[in-house]
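In case you want the letters, here they are:
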Amino acid sequence: MRRIGACLLTTGLLALAACASPTEPEPAPPPVNPLAGVRFFAATPNVATRQADEYAAAGRPADAAAIRHIGEQPTAVWFTGASADTVTRAATLVADARAAGHLPVITVYNIPGRDCGSFSAGGAAGRDEYTAWVRALAGALGREPVLIVLEPDAVAQAVDGCAGPPAERYALLAAAVDAFAANERAHVYLDAGNASWIADHARLAEALRAAGIDRAAGFALNVSNFETTEASVAYGTRLSEALGGTHFVIDTSRNGNGPNPASGVARWCNPPGRAIGADPTTDTGVPRLDALLWVKRPGESDGECDRGDPAAGVWFPEYALALSGR
């Protein structure tokens, strides 16, 4: 406790009265960042580094340098259920990261009814398939350190009303949080949408609690989106307060120019005029903001976008160059 004023240098009853003056609590210490000092793992070679090699061989050094910067950043590895070798990929990833002494980042993206039927539609066929897949993935990760971004858009879409009965989805997410968080070295961040989506923080906080946020490391914002870091920090801080101080992370991979002012698909699906954002770091300088991450690799398509772009997740080199300013 800190005294308000100093004890008077007197004796007897006066001294006792002076030293019993009112007190106030010491200021609370700043929140501890559980990721402080961590280096994230860059899984290379990857589609971007190979593209950079092709540009270099073709005599395009400036393009090669721009794309190599993208490829060398630590970026989340996505597990979508589409591959039969989920267990092998996960075990290999954490082993490679362990050898490098770095923390791997993965995105888990296989919730039934994923993306509400839009360009990233798919996911597990139902509850049992999803639960078994999550358990298999968690088992492959074992007790290795890992940062997990869990099911982009799943909670916000349920709040928005496009994902079927919300309680069923929240129960699946809560079970997934528990499965991954059983590894005490896992940092699980449950996705919470982006700064321009759910304006009612109390309602979103209630949904996140139903989905297991209280047993996770925190929530993730702006995955595969373009909202500025400043807007995301402000939104995340308010949502954190609604949750009683929960920590969060932000995807900055493509938010360098902020969002496209257009509405609808043109705002979020390979929008023109965007740019890569700040490199991944845990040195955020913001209370309860644990990291800036690259969850979506710049240059991987958001989908066909009603204009014939590559399918969601497919490498789109022309867009990668545009994001890098080339």
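Residues numbered from 1 in each chain as written. Predicted model: local features only at pLDDT ≥ 70, side-chain atom pairs only at ≥ 80, totals over all residues. Heavy atoms only, no water.

**Q** Looking at this structure, I do not really get the packing of helix H5 (residues 127-141) against helix H7 (residues 166-181). What am I missing?
**A** Describing two packed helices takes the angle between their axes plus the distance from one axis to the other. Where H5 meets H7, the axes come as close as 9 Å, and the angle between the chain directions of the two elements is 15 degrees. Taken together, the axes of H5 and H7 lie roughly parallel to each other. For the element pair H5 and H7, the recorded crossing hand is right-handed. Of the residues in H7, those touching H5 at Arg-127, Tyr-130, Thr-131, Val-134, Leu-137, Ala-138 and Leu-141 are Leu-172, Ala-176, Ala-179 and Phe-180. (Axes fitted to C-alpha atoms, helices over the stretch in contact; angles between N-to-C directions. Helix = DSSP H or I, 4+ residues; strand = E, 2+ residues; numbered from the N terminus. Parallel < 35°, antiparallel > 145°, perpendicular 65-115°, else oblique. Left-handed = near helix turned anticlockwise from the far one by under 90°. Contact = heavy atoms within 4.5 Å.)

**Q** So what exactly am I meant to see when it comes to the packing of aromatic side chains here?
**A** How two aromatic rings sit relative to each other is given by the distance of their centres and the angle of their planes. The tally for this structure, following the rule as stated, stands at five aromatic pairs. Aromatic pair Phe-316 and Tyr-319: ring centres 5.9 Å apart, planes at 25 degrees, arrangement stacked. Each member of the pair, Phe-316 as well as Tyr-319, is classed as buried. The ring of Phe-79 carries the charged tip of Arg-89 above its face, separated from the ring centre by 4.3 Å. We note Arg-114 situated over the ring of Tyr-109; from NZ or CZ to the ring centre the distance is 4.7 Å. (Phe/Tyr/Trp six-rings, centres within 6.5 Å; stacked < 30°, edge-to-face > 60°. Buried < 20%, exposed > 50% of the residue type's maximum accessible area, 1.4 Å probe, protein only. Lys NZ or Arg CZ within 6 Å of the ring centre and 35° of its normal.)

**Q** Help me out: how do you make sense of the UniProt feature "active site" (unreviewed entry) in the protein in this one?
**A** According to UniProt, the "active site" (unreviewed entry) feature falls on Asp-153 and Asp-302. These residues run over 150 residues, yet every pair of their C-alpha atoms falls within 13.6 Å of each other. If you take the residues mentioned a moment ago, the ones lining the largest pocket come down to Asp-153 and Asp-302. Turning to its location among the elements, Asp-153 is positioned in the loop between strand E5 (146-150) and helix H6 (154-160). Beyond its immediate stretch of four places on either side in the chain, Asp-153 contacts Asp-115, Asp-191 and Trp-197. With respect to the secondary-structure elements, Asp-302 resides in the loop between strand E9 (289-293) and helix H11 (317-323). (UniProt positions renumbered as here; feature names shortened; annotations may be inferred. 1 Å grid on protein atoms, 1.4 Å probe; cavity = no way out; pocket = protein on both sides within 12 Å on 5 of 7 lines; lining within 4 Å.)

**Q** Help me understand the packing of helix H8 (residues 201-210) against helix H9 (residues 229-242) in this model?
**A** Where H8 contacts H9, the axes come no closer than 9 Å and their chain directions differ by 65 degrees. For H8 against H9, the interelement crossing comes out right-handed. Residues His-201, Leu-204, Ala-205, Leu-208 and Arg-209 of H8 touch H9, and the partners they reach there are Tyr-235, Arg-238, Leu-239 and Ala-242. The class makeup of the residues in the contact of H8 with H9 is six nonpolar, one polar and two charged. (Nonpolar A, V, L, I, M, F, W, Y, C, P; charged D, E, K, R; others polar.)

**Q** Help me out: how do you make sense of the UniProt feature "binding site: substrate" (unreviewed entry) in the protein in this one?
**A** In the UniProt entry, the feature "binding site: substrate" (unreviewed entry) is given for Trp-78, Trp-197, Asn-225, Trp-268, Lys-296 and Glu-300. On the basis of their most widely separated C-alpha atoms, the annotated residues across 223 residues do not gather in one place, lying as much as 22.9 Å apart. Restricting the annotated residues just mentioned to those that line the largest pocket leaves Trp-78, Trp-197, Asn-225, Trp-268, Lys-296 and Glu-300. Counting through the fold element by element, Trp-268 comes out in helix H10 (residues 265-268). Sequence-distant contacts of Trp-268, that is, excluding residues within four places in its chain, are made with Ser-118, Phe-119, Phe-226 and Asp-302. Those residues in contact with Lys-296, other than ones at most four positions away along the chain, are Thr-75, Trp-78, Ser-224, Asp-251, Ser-253, Arg-254, Ser-301, Asp-302 and Gly-313.

**Q** Sorry if this is basic, but what is going on with the pairing of strand E6 (residues 186-191) here?
**A** Across the six residues of E6, six count as buried, placing the element largely inside the fold. A two-sided burial pattern is seen for E6, the buried positions comprising Ala-186, Val-188 and Leu-190 on one face and His-187, Tyr-189 and Asp-191 on the other. Summarising the sheet, E5 and E6 pair through five bridges and their orientation is parallel. Counterpart to Val-146 in the pairing with E6 is Ala-186. Two elements, E6 and strand E7 (residues 218-221), share three bridges in a ladder whose sense is parallel. The residue bridging Tyr-189 from the neighbouring strand is Gly-218, located in E7. (Pairing = 2+ DSSP bridges.)

**Q** Sorry, what's going on with the environment of Pro-272 here?
**A** Residue position: Pro-272 is located in the loop between H10 and E9. Counting along the chain gives 17 residues from Pro-272 to Asn-255, while the straight-line C-alpha distance between them is 12 Å.

**Q** Honestly, the sheet that holds strand E3 (residues 77-79) in this entry has me stumped. Any pointers?
**A** Spatially, E3-E4-E5-E6-E7-E8-E9 is the arrangement adopted by the seven strands of the open sheet, whose pairing is parallel. Of all strands in the sheet, those bounded by a partner on one side alone are E3 and E9. Across the sheet, the mean angle from the axis of one strand to that of its neighbour is 25 degrees, orientation sign disregarded. The pairing of strand E4 (residues 105-108) with E5 spans four bridges and is parallel. Across the sheet, Val-105 pairs through a bridge with Leu-147, a residue of E5. Across the face of the sheet, helix H4 (residues 86-100) comes into contact with E3 and E4 while running at roughly 155 degrees to E3. Set on the sheet, H5 makes contact with E3, E4 and E5; between it and E4 the angle comes to about 170 degrees.

**Q** Just to check I follow, could you spell out the state of the cysteines for this structure?
**A** Each disulfide consists of a covalent bond between the sulfur atoms of two cysteine residues. Tallied over the full model, the rule gives two disulfides. Covalently, Cys-116 is tied to Cys-162 through a disulfide, its sulfur atoms 2.1 Å apart. Across the S-S bond of Cys-116 and Cys-162 the torsion is about 70 degrees, and the bridge reads as right-handed. Here Cys-162 lies in the loop between H6 and H7 and Cys-116 lies in the loop between E4 and H5, a separation of 46 residues in the sequence. (Disulfide = S-S within 2.5 Å.)

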